[in-house]
Amino acid sequence: MKQEIIIGSSVAVAVILIIHGGLHKLLKFKMDESAILKFFESSDSDYKFRSTNAISAGTDISVKRVTIVCGKSKAIQRNSKDKESWCLK
């Protein structure tokens, strides 16, 4: 009986850690996506597209993270002519 309680507790802790990690990852993505969307909306330039470096500089998010977030976002699309250029859909 004691062994079953230990196994059950271990499984419960593992599930909680997995859920916590997933929620943290989702929350981080949504926060970064929101910052990037605000960057696009507050931009007063005539240019529709923004480079990964410009977005990174304007949001204080790393270039690598900007690429990941923009690539996964449903509200942002990549310029078909330039891999490192993004715009709102």
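Below: a short report on this structure. (Residues numbered from 1 in each chain as written. Predicted model: local features only at pLDDT ≥ 70, side-chain atom pairs only at ≥ 80, totals over all residues. Heavy atoms only, no water.)

A full pass over the atoms with the stated rule returns one aromatic pair. Geometrically, the ring pair formed by Phe39 and Phe40 is edge-to-face, given 6.1 Å between the ring centres and 70 degrees between the ring planes. The residues Phe39 and Phe40 share a single accessibility class, namely buried. (Phe/Tyr/Trp six-rings, centres within 6.5 Å; stacked < 30°, edge-to-face > 60°. Buried < 20%, exposed > 50% of the residue type's maximum accessible area, 1.4 Å probe, protein only.)

The residue Asn79 is located in the loop between strand E2 (76–78) and strand E3 (85–88) in this model. A polar side-chain atom of Asn79 sits 3.0 Å from the main-chain amide nitrogen of Lys81. Ignoring anything within four residues of it in the chain, the contact list for Asn79 reads Phe49 and Ser85. (Helix = DSSP H or I, 4+ residues; strand = E, 2+ residues; numbered from the N terminus. Polar contact = N/O pair within 3.5 Å; in protein donor to acceptor, adjacent residues only side chain to side chain. Contact = heavy atoms within 4.5 Å.)

Below, the discussion takes up the nonpolar core. Listed in full, the twelve residues of the largest apolar core are Phe29, Ile36, Leu37, Phe39, Phe40, Ile55, Ile61, Val66, Val69, Cys70, Ile76 and Trp86. Counting residues per element, this core draws most heavily on helix H1 (residues 2–42), which supplies five residues. The residues touching Ile36, leaving out its near neighbours within four places in the chain, are Ile55, Thr59, Ile61, Val66, Val69, Cys70 and Ile76. (Core = buried A, V, L, I, M, F, W, Y, C linked by side-chain atoms within 4.5 Å.)

Phi is positive for Asp60, close to 60 degrees, though the residue is something other than glycine. Its location among the elements puts Asp60 in the loop between helix H2 (52–59) and helix H3 (63–72). Using a relative accessible area of 72% as the deciding quantity, one classes Asp60 as exposed.

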